[in-house]
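Here is how the chains run, residue by residue.
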Amino acid sequence: MSVSARVRRAAVAAVGAAPKPLKRAAFGRPVRHGDQVLHPDMQALLALLRLENPDPAATPISRQRRDLVRADRLLGGAQPIGAVTERQIAGPAGPVRLRFYTPRDLRGPSPALVWFHGGGFTLGDLDSHDAVCRYLAEHAMVRVVAVDYRLAPEHPFPAAVDDCVAAWRWVCENASGLALDPDRIAAGGDSAGGNLATVVAQEMVRSGGPAPRFQLLVYPVTDFTTITRSRRELGHGYFLTEDLMDEFSGAYLARDEDRSDPRISPIRGDLSDLPPAHVVTAGFDPLRDEGEAYAEALRNAGVPVTAHREEGLIHGFATMVGFGTAAPAAVRRIAAELQRGLV
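A brief report on the enclosed structure follows. All figures in this text were calculated on a predicted structure; none of them were measured in a lab. (Residues numbered from 1 in each chain as written. Predicted model: local features only at pLDDT ≥ 70, side-chain atom pairs only at ≥ 80, totals over all residues. Heavy atoms only, no water.)

1. Overview of the overall build of the protein
Then step 1. Counting its secondary structure elements, the protein contains 11 helices and 10 strands.
Then step 2. If one aligns the C-alpha atoms of the protein with their principal axes, the spans along those axes are about 55 × 45 × 35 Å.
Then step 3. Going through the 343 residues of the protein one by one, you find that 55% of them count as buried.
Then step 4. The long-range share in the protein, meaning contacts at least 24 apart out of those at least 6 apart in sequence, stands at 77%.
Then step 5. As presented, the protein carries roughly 14,000 Å² of accessible surface, and 52% of it is formed by carbon and sulfur atoms. (Helix = DSSP H or I, 4+ residues; strand = E, 2+ residues; numbered from the N terminus. Buried < 20%, exposed > 50% of the residue type's maximum accessible area, 1.4 Å probe, protein only. Contact = heavy atoms within 4.5 Å. Areas by Shrake-Rupley, 256 points an atom, 1.4 Å probe, with all protein chains shown as cover.)

Given below as structure tokens:
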């Protein structure tokens, strides 16, 4: 690790560990939106991010990808895990990498979570979401299988969907050899990964394939056809910006793509008979309203749903399990819901 990287990591760790009053004194008065108050951890982090890169949307995608991996190392921390292994499987257009996380003290077949990472369908890989996969595995006591699907713009829609469906089928078909309980496998993901997780669930239910036991959807992308109030009001200043969302959607979708296709906007699909779901949103996230609308649409379709808004947090908090107190506590709550969903 370079000297600058060590200094950066030490600075981030110091800010994360600082008590709330010190964060308030250092980073200004509380930030409010309606009756919500931005958590001091998030306010401090946003100030650091603005110093590091004030305009991520103006940054080349190649650097954004490197920055996301670096952020995982800075904000994810050194999360303990029993074992981590990798393998490649045959995908629809070439090999697809999978990473397997086994918690400490776990023996024999166990429930599992197949995890699809976020990153706007454009960023992210197995390393950018390594910390949250370790954290969920350990705190929910499940094996986690992370999927490294193809990214846009090199591989636009439906490449990511095709890879994720293929990976899901492979994991389910090989569950016994992977020490997974085939009747207790969840599909989950954050942001774009939440979109892919519920698209996989829809595809399996409609095709008669192996359906997830449970859906874990963390601030999911669910609707490319509507501009929500939260997107209008929270699309600037809270990490995920409107400019970034436009960049991601432009890379992922062709200009003439039908955005009402349920594989793109799952809220437009037939939601009946989908497996139970837990939907998590963040109060200061432009994706908040579409995630909550999806939870309501699932409920209206007769799907058992629990939903929770982490009011003081921002988009991306799931990968911040090594920073401060608010994000780790939120992901512990997510892990508890996953554990309950796989009983």
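Having seen the model, we can carry on.
2. So, the nonpolar core
Then step 1. One finds Leu98, Phe116, Tyr149, Leu196 and Tyr252 to be the most contacted residues of the largest nonpolar core, which totals 58 residues.
Then step 2. Residue contributions to this core peak at nine residues, all from helix H6 (residues 159–173).
Then step 3. Beyond its immediate stretch of four places on either side in the chain, Tyr252 contacts Phe121, Ala152, Pro156, Phe157, Ala160, Val161 and Leu196.
Then step 4. Listed in part, the 49 residues of the second largest apolar core include Leu45, Ala137, Tyr238 and Ala282. (Core = buried A, V, L, I, M, F, W, Y, C linked by side-chain atoms within 4.5 Å.)

3. Considering helix H3 (residues 40–52)
Then step 1. Under the 1.5 Å per step criterion, the end-to-end length of H3 is 18 Å for 13 residues, consistent within 8% with the ideal 18 Å.
Then step 2. Among all positions of H3, only Pro40, Asp41, Met42, Gln43, Ala44, Leu45, Leu46 and Ala47 are buried. (Expected span 1.5 Å × (residues − 1).)

4. Focus: helix H5 (residues 130–140)
Then step 1. Of all the 11 residues making up H5, nine are buried; the element is thus mostly covered by neighbouring parts of the structure.
Then step 2. Taken as a whole, H5 has its buried residues at Asp130, Ala131, Val132, Cys133, Tyr135, Leu136, Ala137, Glu138 and Ala140.
Then step 3. Turning to H5, the residues buried within the fold contact helix H4 (61–76), strand E4 (94–102), strand E5 (110–116), strand E6 (143–148) and helix H11 (326–341).
Then step 4. Looking at the residues trailing H5, positive phi occurs at Met141, about 55°.

5. Considering the packing of aromatic side chains
Then step 1. According to the stated counting rule, one finds five aromatic pairs in the structure shown.
Then step 2. On the numbers, 3.9 Å between centres and 10° between planes, the contact of Phe121 with Tyr252 is stacked. Residue Phe121 is found in the loop between E5 and H5, and its partner Tyr252 is found in helix H9 (residues 242–252); the two are separated by 131 residues along the sequence.
Then step 3. What makes Phe121 buried here is its relative accessible area of 3%.
Then step 4. Measuring from ring centre to ring centre gives 5.8 Å for Phe157 and Tyr252, while their planes differ by 75°; the resulting arrangement is edge-to-face. Taken together, the residues span a long stretch of sequence, with Phe157 in the loop between E6 and H6 and Tyr252 in helix H9 at a distance of 95 residues.
Then step 5. You can call Tyr252 buried: its relative accessible area is 1%.
Then step 6. One aromatic cluster in this structure is built from Phe121, Phe157, Phe224 and Tyr252. (Phe/Tyr/Trp six-rings, centres within 6.5 Å; stacked < 30°, edge-to-face > 60°.)

6. Quick look at the state of the cysteines
Then step 1. In total, this model carries zero disulfides according to the counting rule given.
Then step 2. Lacking any disulfide linkage, Cys133 is separated from the closest cysteine sulfur, that of Cys164, by 13 Å.
Then step 3. You can see Cys172 has no disulfide; the closest cysteine sulfur is in Cys164, sitting 13 Å from it. (Disulfide = S-S within 2.5 Å.)

7. Details of the sheet that holds E4
Then step 1. Taking strand neighbours across the sheet as the criterion, the eight strands line up as E3-E4-E6-E5-E7-E8-E9-E10 in an open arrangement whose pairing is mixed. Each edge of the open sheet carries a strand with a single partner, namely strand E3 (83–91) and strand E10 (305–314). Shown here is a sheet whose adjacent strand axes are inclined to one another by a mean of 20°, direction ignored.
Then step 2. Sheet topology note: the E4/E6 ladder contains five bridges and is antiparallel. Along E6, the bridge assignment pairs Arg97 with Asp148.
Then step 3. H5 rests against E3, E4, E5 and E6 of the sheet, and its axis sits at about 45° to E4.
Then step 4. This element, helix H7 (residues 192–207), spans E5, strand E7 (180–190) and strand E8 (214–218) of the sheet and lies at about 140° to E7. (Pairing = 2+ DSSP bridges. Axes fitted to C-alpha atoms, helices over the stretch in contact; angles between N-to-C directions.)

8. A closer look at the packing of H6 against H7
Then step 1. The geometry of H6 relative to H7 is characterised by a closest axis approach of 10 Å and an angle of 65° between their N-to-C directions. The interaxial crossing formed by H6 with H7 has right-handed handedness. Where H6 approaches H7, its residues Ala160, Val161, Cys164, Val165, Trp168 and Arg169 are matched on the opposing element by Leu196, Val199, Val200, Glu203, Met204 and Ser207. (Left-handed = near helix turned anticlockwise from the far one by under 90°.)

9. Thoughts on empty space enclosed by the protein
Then step 1. Under the counting rule described, the total for this entry stands at one cavity of 30 Å³ or more.
Then step 2. Quantified by volume, the largest cavity comes out at close to 40 Å³.
Then step 3. Lining the largest cavity are Trp115, His117, Asp125, Leu126, His129, Cys133, Ala146 and Val147.
Then step 4. Grouping the constituent residues of the lining of the largest cavity by class yields five nonpolar, two polar and one charged. (1 Å grid on protein atoms, 1.4 Å probe; cavity = no way out; pocket = protein on both sides within 12 Å on 5 of 7 lines; lining within 4 Å. Points joined across faces, edges and corners; volume = space filled by probe spheres on them. Nonpolar A, V, L, I, M, F, W, Y, C, P; charged D, E, K, R; others polar.)

10. Remarks on the pattern of salt bridges
Then step 1. Counting across every chain of the model gives 22 salt bridges.
Then step 2. Taking the shortest distance from any N to any O, the salt bridge between Glu154 and Arg65 comes out at 2.9 Å. Within this pair, whereas Glu154 is found in the loop between E6 and H6, its partner Arg65 is found in helix H4, the two being separated by 89 residues in sequence.
Then step 3. Note on Glu154: relative accessible area 48%, which makes it partly exposed.
Then step 4. By relative accessible area, which is 23% here, Arg65 ends up partly exposed.
Then step 5. Residue Arg229 is joined to Glu233 by a salt bridge in which the shortest nitrogen-to-oxygen separation is 2.9 Å. Here Arg229 and its partner Glu233 are both found in helix H8 (residues 229–234), four residues apart, which amounts to about one turn of the helix.
Then step 6. In this structure Arg229 comes out as exposed when scored by relative accessible area, which is 52%.
Then step 7. Judged by its relative accessible area of 36%, Glu233 falls in the partly exposed class.
Then step 8. Each of Glu86, Arg97, Arg99, Asp127, Asp130, Arg134 and Asp148 takes part in salt bridges that share partners, so that together they form one network. (Salt bridge = Lys/Arg side-chain N within 4 Å of Asp/Glu carboxyl O.)

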